[in-house]
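Overview (structure and organization)
Chain residues, written in single-letter form:
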Amino acid sequence: MTLRLGDIAPDFEADTTEGRIRFHEWLGNSWGVLFSHPRNYTPVCTTELGYTAKLKPEFEKRNVKAIGLSVDKLEDHHGWSKDIAETQGTSLNFPLIADADKTVANLYDMIHPNASDTFTVRSVFIVDHNKKIRLTLTYPASTGRNFDEVLRVIDSLQLTDKYKVATPVNWKQGDDVIIVPAVNNEDAKKLFPQGWKELRPYLRVVPQPKG
Ligand code: BEZ
């Protein structure tokens, strides 16, 4: 199944390092980041899981829960967790799905047979509090993902859900933003009474709205 932005993230039930979960119930009212790993006991994945564990306070600030997936057995996940704690300086503090029968991997199209017919690629799904898919990323096994970028996208999504703005290239928290083209100048005056910098009629820059 092809999953697209705006689709409801498929629900599933799975065993994880934190017990059996139903995905939607586990998400509750939170946003979620579901991400896959090619396999256990691999170096790049070990660094990604350690770094994501370190980011837990940042995810919590944004009402986001992280959940990883690897197509290995739960017993192997527990053994690997010890290695992650010892080598990365942080224990796993979010669930890792044991998807040995590839049910979830297939549901989310995480196996790309022309890359590998056995292991998942590095997929990322950002899911919002309505269970809608808001971002998908696909990286090859040999390239570790940038989880600071995942946080940056969450910041952009949560900001642009709240205000009629979009975020420009390389935007980060606190940088100027762009008034969306759907807002005409008359409405923009009400929404942004402090005014904006008009570089072109379609390129109107304002300070990031706060609050
Ligand atoms: C890794 O996580 O290190 C890895 C996994 C599969 C292929 C290459 C690297």
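Summary of the structure given here. Because the structure is a prediction, the values reported are computed rather than measured.

Moving on to the sheet that holds strand 8 (residues 165–166). Taking strand neighbours across the sheet as the criterion, the four strands line up as 8-9-11-10 in an open arrangement whose pairing is antiparallel. Looking at strand neighbours, the two that pair on one side only are strand 8 and strand 10 (197–200), the edges of this open sheet.

Orientation of helix 2 (residues 43–54) relative to helix 4 (residues 74–88), taken along the N-to-C sense of each, is 70°, at an axis distance of 9 Å. By the angle class used here, helix 2 and helix 4 are roughly perpendicular. Within the contact between the two elements, helix 2 uses Cys45, Thr46, Thr47, Leu49, Gly50 and Lys54 and helix 4 uses Trp80, Ile84, Thr87 and Gln88.

Let's shift gears to the nonpolar core. Membership of the largest hydrophobic core comes to 24 residues, with the highest contact counts inside it found for Val33, Phe35, Leu49, Phe59 and Ile126. Those elements that provide at least two residues to this core are strand 3 (31–37), helix 2, strand 4 (64–70), helix 4, strand 6 (122–127) and helix 6 (147–162). Take this core: its biggest share by element is six residues, from helix 6. Among all residues touching Val33, those that are not within four sequence positions of it are Phe59, Val64, Lys65, Ala66, Ile67, Val124, Phe125, Ile126, Val150 and Ile154. Judged by nonpolar contacts, the second largest core, of 21 residues, contains Ile97, Ala105, Val127 and Ile133.

Turning next to the pairing of strand 6. In terms of burial, strand 6 is a largely internal element, six of the six residues being buried. The side-chain alternation of strand 6 yields two buried faces, one formed by Arg122, Val124 and Ile126 and the other by Ser123, Phe125 and Val127. Note: strand 3 against strand 6, four bridges, orientation antiparallel. The residue of strand 6 that forms the bridge with Val33 is Ile126. As paired elements, strand 6 and strand 7 (residues 133–139) share six bridges and run antiparallel to each other. Bridging across to strand 7, Ile126 finds its partner in Leu135. Between the antiparallel neighbours strand 6 and strand 7 lie five residues, among them Lys131 with a positive phi of about 70°.

Counted as a void, the largest pocket has a volume near 180 Å³. For the lining of the largest pocket, the element with the most residues is helix 2, which contributes three residues. Classifying every residue of the lining of the largest pocket by side-chain character gives nine nonpolar, four polar and two charged.

This part takes up unusual backbone geometry. Positioned with a positive phi, Asn63 is a non-glycine residue whose angle comes to about 60°. At Asp109, a position not held by glycine, the phi torsion is positive, near 55°. Assignment of secondary structure puts Asp109 in the loop between helix 5 (103–107) and strand 6. Accessibility expressed as a relative area gives 37% for Asp109, which makes it partly exposed.

Scanning all chains against the criterion turns up 14 salt bridges. Notably, a salt bridge pairs Glu13 with Arg22, separated by 2.6 Å at the nearest N-O pair. Residues joined in a network through salt bridges with shared partners are Asp11, Glu13, Asp15, Arg20 and Arg22.

Turning our attention to the site of the ligand. Contacts to the ligand come from Pro38, Thr42, Pro43, Val44, Cys45, Arg122 and Ala141. A distance of 3.2 Å separates an oxygen atom of the ligand from a polar backbone atom of Pro43. Between the ligand and the protein, one listed contact pairs an oxygen atom with a backbone N or O atom of Val44 at 2.6 Å. Burial of the ligand by the protein amounts to 73% of the accessible area it has alone, namely 260 Å². In this structure the site holding the ligand corresponds to the largest pocket. Element by element, the count of residues in the shell around the ligand is highest for helix 2, at three residues. Along the lines of polarity and charge, the residues of the shell around the ligand split into five nonpolar, one polar and one charged.

Conventions adopted
Going along each chain's sequence as written, the residues are numbered from 1 onward. Only residues with pLDDT of 70 or above have their local features reported here, since the model is predicted, and side-chain atom pairs are shown and tallied only from 80 upward, although totals for entire chains, interfaces and linings are computed over all residues. Hydrogen atoms and water are omitted, and side-chain values are computed over all heavy atoms in the structure. Two strands pair if DSSP finds at least two bridges between them. By the criteria applied, helices consist of DSSP H or I runs no shorter than four residues and strands consist of E runs no shorter than two, each listed in order from the N terminus. With axes taken as lines fitted to C-alpha atoms, and helix axes fitted only over the stretch in contact, angles between N-to-C directions fall between 0 and 180 degrees. Note that the term roughly parallel is reserved for angles under 35 degrees, roughly antiparallel for angles over 145, roughly perpendicular for angles of 65 to 115, and oblique for everything else. Residue contacts are counted whenever heavy atoms from the two residues lie within 4.5 Å of one another. For the purposes of this section, nonpolar cores are sets of buried Ala, Val, Leu, Ile, Met, Phe, Trp, Tyr and Cys residues that join through side-chain atoms within 4.5 Å. When a residue's accessible area, from a 1.4 Å probe over protein chains only, is under 20% of the maximum for its type it is buried; when over 50% it is exposed; and in between it is partly exposed. Grid points spaced at 1 Å and placed over the protein atoms alone form the basis of the search, with a cavity being a set where a 1.4 Å probe fits but cannot get out and a pocket an open set showing protein on both sides within 12 Å along at least five of seven lines. Lining residues have an atom within 4 Å of a point. Grid points are joined across faces, edges and corners, and a volume is the space filled by probe spheres set on the points. Any residue outside Ala, Val, Leu, Ile, Met, Phe, Trp, Tyr, Cys, Pro, Asp, Glu, Lys and Arg is labelled polar, Gly included; the first ten of those are nonpolar and the last four are charged. Note on definitions: salt bridges are taken to be side-chain nitrogens of Lys or Arg within 4 Å of carboxyl oxygens of Asp or Glu. In this text, near means that some heavy atom of the residue lies within 4 Å of the molecule or strand in question. Whenever a nitrogen or oxygen atom comes within 3.5 Å of another N or O atom, the pair is scored as a polar contact, on the condition that within protein one atom can donate a hydrogen and the other can accept it, and that pairs from neighbouring residues in sequence are kept only if both atoms are in side chains. Using a 1.4 Å probe, the Shrake-Rupley method yields the accessible areas, and only the shown protein chains count as cover for residues. Placement in a cavity or pocket follows one criterion, namely that more than half of the molecule's atoms lie within 2 Å of its grid points.

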